[in-house]
Amino acid sequence: MNDLQPLIHALAERLPALASDGETLFAYVYGEQTDFARLSRSRINQLGHIHQRRLTLTLSDGRAAVKDTWDIDAGALDTLAPRIERLRGDLAATPDDPYLSLDASPRTAHSGQLSAARDLEPWLEALLANAADDDLVGIALSGPQGFGLASSLGHALSHRSGGLSLDASLFTPTHQAVKIEWSAPADGPADPAAALAQARERLALLGGEPYAPAPGRYRAYLAPEALTELLGVTVWQGFSRQAVESGNSPLDRLFRGTAGFAPNVRLRELREDSNAPPFGAAGHALPGAVDLVIDGRAGDTLVSPRAALEYGGTINSDSGMPIALTLDGGDLAEADALAALGTGLYLGRLWYANLSDPTHCRVTAMTRYDCFWVEDGRIRAPLAPMRIDASLYSLLGPDLIALSRERHRLEDTSSYERRASGHQLLPGALCAALPVTL
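Here the structure is a predicted model, which means the values were calculated and not measured. (Residues numbered from 1 in each chain as written. Predicted model: local features only at pLDDT ≥ 70, side-chain atom pairs only at ≥ 80, totals over all residues. Heavy atoms only, no water.)

## Regarding the overall build of the protein
Item 1. For the protein, the count of helices and strands is 10 helices and 20 strands.
Item 2. By the compact-globule yardstick of 22 Å for 438 residues, the protein fits well, its C-alpha radius of gyration being 24 Å.
Item 3. Once the C-alpha set of the protein is aligned to its principal axes, its extents read approximately 75 × 55 × 35 Å.
Item 4. Counting only residues that meet the buried cut, the protein has 53% of its 438 residues in that class.
Item 5. In the protein, the proportion of contacts linking residues at least 24 apart, taken out of those at least 6 apart, comes to 71%.
Item 6. With the model as given, the accessible surface of the protein reaches about 19000 Å², and the carbon-plus-sulfur share is 48%.
Item 7. Of the charged side chains in the protein, 38 are positive and 54 negative, and the gap between their average positions amounts to 3 Å. (Helix = DSSP H or I, 4+ residues; strand = E, 2+ residues; numbered from the N terminus. Rg over C-alpha atoms; globule rule 2.2 N^0.38 Å. Buried < 20%, exposed > 50% of the residue type's maximum accessible area, 1.4 Å probe, protein only. Contact = heavy atoms within 4.5 Å. Areas by Shrake-Rupley, 256 points an atom, 1.4 Å probe, with all protein chains shown as cover. Lys, Arg positive; Asp, Glu negative; His and termini not counted. Charge placed at Lys NZ, Arg CZ, Asp CG, Glu CD.)

What follows is the structure, encoded as structure tokens:
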């Protein structure tokens, strides 16, 4: 990743000479140097390293654009000319794109952490020593990520980020489990002992006889890890300007003013707190913060470059999806959550969440692990798997009693093709009535 910035400057110098009159060239670079370890039974099952760097080259004549993406190495600049020539042939046969949007404000900027790396192996040794005889299964990832963009117009942007994440579960001999999602920025503390200890305590409680409440409505506390599953399927298109304008957003009623959340609900997109760069793939500058829900009411939508051309508005997102969704915390101390719940459901984790009624922002999901029946503020039994089906307008509206003061940063640990760079920062939610359907 140390050579990302020189590469971007070299591209910015080379691209103007490669563009013909009336043409624009953009080069977007993503790279990562990831150390990873697969864990099984608290041992390292596989240790590996991924070093990848990919370049996406976009050629436009102002009416249409064509792209080419490939893995690059030290000789990448020497391959530009023949690839551009092939793109030029494709561009001649490409129809006009009425929503083509490439940034026309060249600038030079460098952002992010300069030293985004952590030595994974000694950290793993400490983790596995702490896990001892526990059955810890999962994957740990560590290393820097780099994002860069250069153009024939003069853009030269680079961003460096990275950190360490653990996506794992502790298992009982009877195959019950508690999941651990933990992360640390490159320059932050890297001790997951507290997360491991908490998971171990909950795992011990899963050994009892499961309790299956009858279908009905129950007082419930949703931990941040459970709430993120419900919000995750909702915000996929919920805040997208394109989805809102076309009526496909599950938050359509929020933005039309016919539904809302409780006054203490404030949702923001805080890109400035994520690992993602402050610029999009087409060079547009993206704001560090966007207010999506203010005092329970609709705020801004997320406007991608294409949506800005089609529907108007200021570009504030690369795709229309939040990458760093943040919900403000409340007054309830996490340590007091069970006492505040009294009798009802403690949901530490939900699975298979999906929209059951998008019009009313209704989400269905299953409990499986790390969910308990609570009586008089004490955990009495693990919950048998059951299905919930609830509208977020109710859960975070009239049924919302309190939000926890503490919030959990839930890193997107997906690694399909490349490491994700987003997260959610959420509190827990105490609700008066959660519908259980099965």
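## What about the pairing of strand 16 (residues 371-375)?
Item 1. Burial within strand 16 is extensive, with 4 of its 5 residues counted as buried.
Item 2. Inspection of the sheet shows strand 13 (residues 344-347) paired to strand 16 by 4 bridges, in the antiparallel sense. Within strand 16, the residue paired with L347 across the bridge is C371.
Item 3. By the bridge criterion, 4 bridges tie strand 16 to strand 17 (residues 378-382) in an arrangement that is antiparallel. (Pairing = 2+ DSSP bridges.)

## Remarks on the pattern of salt bridges
Item 1. Going through the model one piece at a time under the given rule, you end up with 22 salt bridges.
Item 2. We note a salt bridge from R256 to D252, for which the minimum N-O separation is 2.8 Å. Pair noted here: R256 and D252 are both in helix 7 (residues 252-256), with a separation of 4 residues, about one helical turn.
Item 3. Taking the shortest distance from any N to any O, the salt bridge between D389 and R362 comes out at 3.1 Å. Of the two residues, D389 is situated in strand 18 (residues 387-391) and R362 in strand 15 (residues 362-366); the sequence distance between them amounts to 27 residues. (Salt bridge = Lys/Arg side-chain N within 4 Å of Asp/Glu carboxyl O.)

## What about the packing of aromatic side chains?
Item 1. One pass over the full model with this rule turns up 9 aromatic pairs.
Item 2. Ring centres of Y30 and F147 lie 5.3 Å apart, and the angle between their planes is 55°; this geometry places the pair in the tilted category. Note that Y30 is positioned in strand 1 (residues 24-40) and F147 in strand 5 (residues 135-151), a separation of 117 residues in sequence. This pair shows no difference in class: Y30 is buried, exactly as F147 is.
Item 3. Geometrically, the ring pair formed by W123 and W182 is stacked, given 5.5 Å between the ring centres and 20° between the ring planes. Of this pair, W123 sits in helix 3 (residues 120-131) while W182 sits in strand 7 (residues 177-185); the two residues are 59 residues apart in sequence, bridging distant segments of the chain.
Item 4. Taken together, Y211, Y218 and W373 form an aromatic cluster joined through their ring pairs.
Item 5. Sitting above the plane of the W351 ring, R368 keeps its charged end 5.6 Å from the centroid.
Item 6. A cation over an aromatic ring shows up here: R418 above the ring of Y30, its NZ or CZ 3.9 Å from the ring centre. (Phe/Tyr/Trp six-rings, centres within 6.5 Å; stacked < 30°, edge-to-face > 60°. Lys NZ or Arg CZ within 6 Å of the ring centre and 35° of its normal.)

## Thoughts on the layout of surface pockets
Item 1. Of the volumes computed, that of the second largest pocket is approximately 660 Å³.
Item 2. Lining the second largest pocket are 27 residues, with A195, Q198, E225, E334 and H408 sitting closest to its centre.
Item 3. Taken together, the elements giving at least two residues each to the lining of the second largest pocket come down to strand 7, helix 4 (193-205), helix 5 (224-238), helix 9 (337-341) and strand 19 (400-411).
Item 4. A per-element tally of the lining of the second largest pocket places strand 7 first, with 6 residues. (1 Å grid on protein atoms, 1.4 Å probe; cavity = no way out; pocket = protein on both sides within 12 Å on 5 of 7 lines; lining within 4 Å. Points joined across faces, edges and corners; volume = space filled by probe spheres on them.)

## Describing the domain arrangement of the protein
Item 1. For the protein, the assigned domains are domain 1 (4-205) and domain 2 (216-436).
Item 2. The C-alpha centroid of domain 2 is placed 25 Å from the C-alpha centroid of domain 1.
Item 3. At the junction of the two partners, domain 1 supplies 41 residues and domain 2 supplies 33 residues.
Item 4. The contact between domain 1 and domain 2 buries some 3200 Å² in all, and 53% of this surface belongs to carbon and sulfur atoms. (Domains from an automatic or database assignment. Buried area = accessible area lost by both parts, 1.4 Å probe.)

## Quick look at empty space enclosed by the protein
Item 1. Under the definition given, this model contains 1 cavity of 30 Å³ or more.
Item 2. Estimates place the volume of the largest cavity at around 40 Å³.
Item 3. Taken together, L231, T234, V235, F239, L251, F261, L267, L392 and L396 make up the lining of the largest cavity.
Item 4. The greatest single-element share of the lining of the largest cavity, amounting to 3 residues, is contributed by helix 5.
Item 5. Each residue belonging to the lining of the largest cavity can be placed in one class, and the counts come to 8 nonpolar, 1 polar and no charged. (Nonpolar A, V, L, I, M, F, W, Y, C, P; charged D, E, K, R; others polar.)

## Remarks on the packing of helix 3 against helix 4
A pair of packed helices is characterised by two quantities: the angle between their axes and the separation of those axes.
Item 1. Interaxial distance between helix 3 and helix 4 falls to 11 Å at its minimum, and their mutual angle equals 25°. One finds that helix 3 runs roughly parallel with respect to helix 4. When the axes of helix 3 and helix 4 are compared, the crossing they make is right-handed. In this structure, helix 3 uses L127, N130 and A131 to contact helix 4, whose residues at the interface are A193, L196 and R200. (Axes fitted to C-alpha atoms, helices over the stretch in contact; angles between N-to-C directions. Parallel < 35°, antiparallel > 145°, perpendicular 65-115°, else oblique. Left-handed = near helix turned anticlockwise from the far one by under 90°.)

## Some words on the nonpolar core
Item 1. L230, F239, F261, L345 and L347 are the most contacted members of the largest nonpolar core, which totals 49 residues.
Item 2. Residues within four places of F261 in sequence aside, it is in contact with L251, L254, V293, G296, L392, Y393, L396 and G397.
Item 3. Core analysis: the second largest hydrophobic core is formed by 32 residues, V178, I180, A184 and F372 among them. (Core = buried A, V, L, I, M, F, W, Y, C linked by side-chain atoms within 4.5 Å.)

## Thoughts on helix 1 (residues 4-18)
Item 1. Spanning 15 residues, helix 1 covers 21 Å between terminal C-alpha atoms, matching the ideal 21 Å at 1.5 Å per step.
Item 2. Of the surrounding elements, those touching the buried residues of helix 1 are strand 1, strand 2 (43-60), helix 2 (80-92), strand 5 and strand 6 (156-171). (Expected span 1.5 Å × (residues − 1).)

## A short note on the side chain of H155
Item 1. Note that H155 resides in the loop between strand 5 and strand 6.
Item 2. A polar contact is formed between the side chain of H155 and the side chain of D103, at a distance of 2.7 Å.
Item 3. A polar contact of 2.6 Å, which involves the side chain of H155, links it to the side chain of S151.
Item 4. When sequence neighbours within four positions are dropped, the list of residues in contact with H155 reads A12, F26, D103, S105, P106, R107, L149, A150 and G283. (Polar contact = N/O pair within 3.5 Å; in protein donor to acceptor, adjacent residues only side chain to side chain.)

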